[in-house]
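Remarks on the overall topology
Now for the letters of each chain:
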Amino acid sequence: MCGIVGYLGSKGAYEILIQGLKRLEYRGYDSAGVALLDCDGKLNVHKSQGKVSNLEKVAQAGNTNGSVGIAHTRWATHGEPNDINAHPHVSQSGMIALVHNGTIENYAVLKKVLMDHGYEFKSETDTEVLVQLIEYIKLTSSCSLLDAVRAALLQVEGAYAIAVIEQNDPDTMIVARKSSPLVIGVGDGETFIASDATPIIDYTDEVIYLNDNEIGIIRRNEPVQVISLESKEPSAINIQKLKLSVAQLEKGGYDTFMLKEIFEQPSTLRDCLRGRIVDNCSRVVLSGVELNKERFMKAERITLVACGTSWHAALIGKRLIQDFCQIPVEVEYASEFRYGNPVLNDKDIVISISQSGETADTLAAIQLARQKGAFVYGVCNVVGASIPRNTDSGTYIHVGPEIGVASTKAFTGQVTVLTLLALSIAQLRGTIRPEKLHEILSALERLPETITEALKVDPEVKKLSRIFAYAHNFLYLGRGYNYPTALEGALKLKEISYIHAEGYPAAEMKHGPIALIDHEMPSVIIAPSDSLYDKIISNVQQVKSRGGAVVAIVSHGNQAMNDIADFCIEIPEAPECLTPIVASIPLQLLAYYIAVNKGKNVDQPRNLAKSVTVE
Ligand code: M6R
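Structure report, in brief. Per chain, the residues get numbers from 1 upward, laid out in the order the sequence is written. Local features in a predicted model are, by the rule used here, given only for residues with pLDDT of at least 70; side-chain atom pairs are given and counted only at 80 or more, and totals for whole chains, interfaces and linings are based on all residues. Hydrogens and waters are ignored; side-chain quantities use all the structure's heavy atoms.

1. Notes on the site of the ligand
Near, as used in this document, describes a residue that has one of its heavy atoms within 4 Å of the molecule or strand being considered. Around the ligand, a shell composed of 15 residues is seen, among which S310, S354, S356, T359 and E495 lie nearest. T309 is positioned with one of its backbone polar atoms (N or O) 3.1 Å from an oxygen atom of the ligand. As used in this structure description, the phrase polar contact means that two N or O atoms lie within 3.5 Å; if the pair is within protein, one of them must be able to donate a hydrogen and the other to accept it, and residues adjacent in sequence are counted only when both atoms belong to side chains. Here an oxygen atom of the ligand sits 2.4 Å away from a polar atom, N or O, in the side chain of T359. The fraction of the free accessible surface of the ligand (410 Å²) that becomes covered by protein chains is 91%. What counts as a helix is a DSSP run of H or I of at least four residues, what counts as a strand is a run of E of at least two, and both are numbered from the N terminus. Elements with a contribution of two residues or more to the shell around the ligand: α10 (308-325) and α18 (483-497). Its residues assigned to classes, the shell around the ligand shows 5 nonpolar, 8 polar and 2 charged. There are two domains that each give the shell around the ligand at least three residues, and those are domain 2 (261-445) and domain 3 (457-597). Note on areas: Shrake-Rupley with a 1.4 Å probe; residue coverage comes only from the protein chains shown. Note on residue categories: nonpolar means Ala, Val, Leu, Ile, Met, Phe, Trp, Tyr, Cys or Pro, charged means Asp, Glu, Lys or Arg, and polar means any other residue, Gly included. These domain limits were set by an automatic method or by a database of domain assignments.

Here you go:
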């Protein structure tokens, strides 16, 4: 949560910072702020509750000069979203400004000590404690900003990515990270810092990913230096090339990022599959598995850990691995796993699934799993993020930046990679027949075309969404591979339209939720022509006979369901294990149009942020 951005160079910093904040707004939009050092050596700070556009109005009325500055967009944790709690926070003397993404867990203890030394606090944030502590150390020890930041961070417990500037020294910025992401962009005579590479890509494609417990020293007209927090020893500088393009960060003619991301799934899935299906659809190649054959051969159990939508993908992954590899699989919420005292050994594989690669609970879960001797495999979208850097091996889903807060193309990319992963392990362990492997790989290769076909329901779903404008509750039902699809459909609807929706295994409905069904509670039932189709038909009948409206997602050409359900949406045929990917398309569109009809901001739903870097 929260996004930070900084600039030190020869250009005006303000515009660069504002554009950077707009790119990072997906990380939080409760408030925004900027601190700039002008050429007269004055620190100017502007802050505003709400979005970056509010900040622009406030800042433009003041001084926005300066070629060095830091900025922040906030997802509130400590203290309500208002102007005072907005970052940057400034030290008591007004000399030091700091932006922070993360949580200082021992802030209360530190605050008390500082208050005993006469420090007064304006905000309710944990961050203000850190900037005051830096100033306190600097003044009492007469040390440099770098030494003060380092000494302060050695006292801090929790997670942080920070950027600090000082009024007396417009040529220096100090940055540091622990468990929150921070990227340094290396330009020609200018340096950028940000929570991810998206604010940097317009200016340079050369970046340094700061590691945990490292401090970056950015000085005007000098190469970036990185040192270890603990030892102060210089770290090796590893400059990497970004593969992002600016076009990937724009709406490309769509009204919203979410709609763009739904419609680009044929091409994102093509990118995801590229080079991974070979020899005329008879073999799958995942280098993460090839390079670790022994670990996959000896695995006795696989545990999938994730949060939110990625957890739904994990549930599908469980089915895939069990069906094809015959290895016992467990799926855990990362937040439960990390505190659940998991019993693991070197015959365990833990697979983490995360779009952002920064989700705090998932990161902590895999760190714990590695400590306990498990082999940790990551399925991630953002290249170079913290999770892939903390795994033993893994596979990127390569679906490009996902900016809409509601995950769409990342979900279909995750399920696609989990399918490839299951097939790859099965191929290695000899648990899949060559004909079956060929059948699924051929269908996977056709998947981009299948999804193009599935997207043709758009006008129909748009029309349907108007009919359901009245509903306050929805039930989503599915069985087998499509029980997780039902969970995902319900999550999409609730997070962007604020309509209560519950996903349920269709057969479980009669054990409780059936009591909720009446003519005001529609059910969306995922019923492709698969091995459980006959079973789900009776679940549809159970809803209908209690007066509930049914929207059925059925395979192309299914006439029979038309006589039972109120509305049928047809999806193209696919092997059973791929139906969650195909069926999720109309569910994404349904949630999208219902939310749009209700006038909601689908890209930035209330209270949410794209990457959840706090517990
Ligand atoms: O980046 P991650 O995949 O680790 O994020 C996990 C969840 O926060 C995320 O999937 C969330 O549930 C989405 N907003 C759902 O659309």
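2. Side note on the pairing of strand β12 (residues 214-219)
The buried label applies to any residue whose accessible area, calculated with a 1.4 Å probe on protein chains only, is under 20% of its type's maximum; exposed applies above 50%, and partly exposed to all values in between. Counting buried positions along β12 gives 5 out of 6 residues, so the element sits mostly inside the fold. Inspection of the sheet shows strand β8 (residues 169-178) paired to β12 by 6 bridges, in the antiparallel sense. Its bridge partner being in β12, M173 is matched across the sheet by I218. A pair of strands is treated as paired once DSSP finds two or more bridges between them. Both β12 and strand β13 (residues 225-228) contribute to a ladder of 4 bridges, which runs antiparallel. The residue bridging E214 from the neighbouring strand is S228, located in β13. As consecutive antiparallel partners, β12 and β13 are separated by 5 residues, and within that stretch N221 has a phi angle of approximately 55°, a positive value.

3. Observations concerning the sheet that holds strand β6 (residues 96-104)
Two orientations exist for strands paired in a sheet by backbone hydrogen bonds: parallel and antiparallel. The strand order across the open sheet formed by 6 strands is β5-β6-β7-β8-β12-β13, and the pairing between neighbours is antiparallel. Both outer strands of the open sheet, β5 (89-90) and β13, are each paired with one neighbouring strand and no more. As defined by bridge partners, β5 adjoins β6 across 2 bridges and the pair is classed as antiparallel. Along β6, the bridge assignment pairs H89 with L98.

4. Examining the packing of helix α4 (residues 127-141) against helix α5 (residues 145-155)
Axis definition: a line fitted to C-alpha atoms, limited for helices to the stretch in contact. Angles are taken between N-to-C directions and run from 0 to 180 degrees. Where α4 meets α5, the closest approach of the two axes is 8 Å, and the angle between their N-to-C directions is 125°. When the axes of α4 and α5 are compared, the pair comes out oblique. Like other packed secondary-structure pairs, α4 and α5 cross with a definite hand, here right-handed. For the pair α4 and α5, contact is made by L130, L133, I134, I137 and K138 and by L145, A148, V149, A151, A152, L153 and Q155, respectively. Split by residue class, the contact of α4 with α5 holds 10 nonpolar, 1 polar and 1 charged. Here the word oblique covers every angle except those under 35 degrees (roughly parallel), over 145 (roughly antiparallel) and from 65 to 115 (roughly perpendicular). By convention the crossing between two helices is left-handed if the near helix lies anticlockwise of the far one by an angle smaller than a right angle, and right-handed if it lies clockwise. The contact criterion used is simple: two residues touch if any of their non-hydrogen atoms lie within 4.5 Å.

5. A look at the sheet that holds strand β2 (residues 31-37)
The strand order β3-β2-β4-β1-β10-β9-β11-β14 describes an open sheet built from 8 strands, whose pairing is antiparallel. This sheet does not close on itself; its edge strands, each paired only once, are β3 (43-49) and β14 (240-241). As paired strands, β2 and strand β4 (residues 68-74) are joined by 7 bridges and run antiparallel to one another. Bridge assignment links G33 to a residue of β4, and that residue is H72. Helix-sheet contacts for helix α1 (residues 13-24) involve β1 (3-8), β2, β4 and β10 (191-194), and the interaxial angle to β1 is about 155°. Against the sheet, helix α2 (residues 52-60) contacts β2 and β3, and its axis sits at roughly 135° relative to β3.

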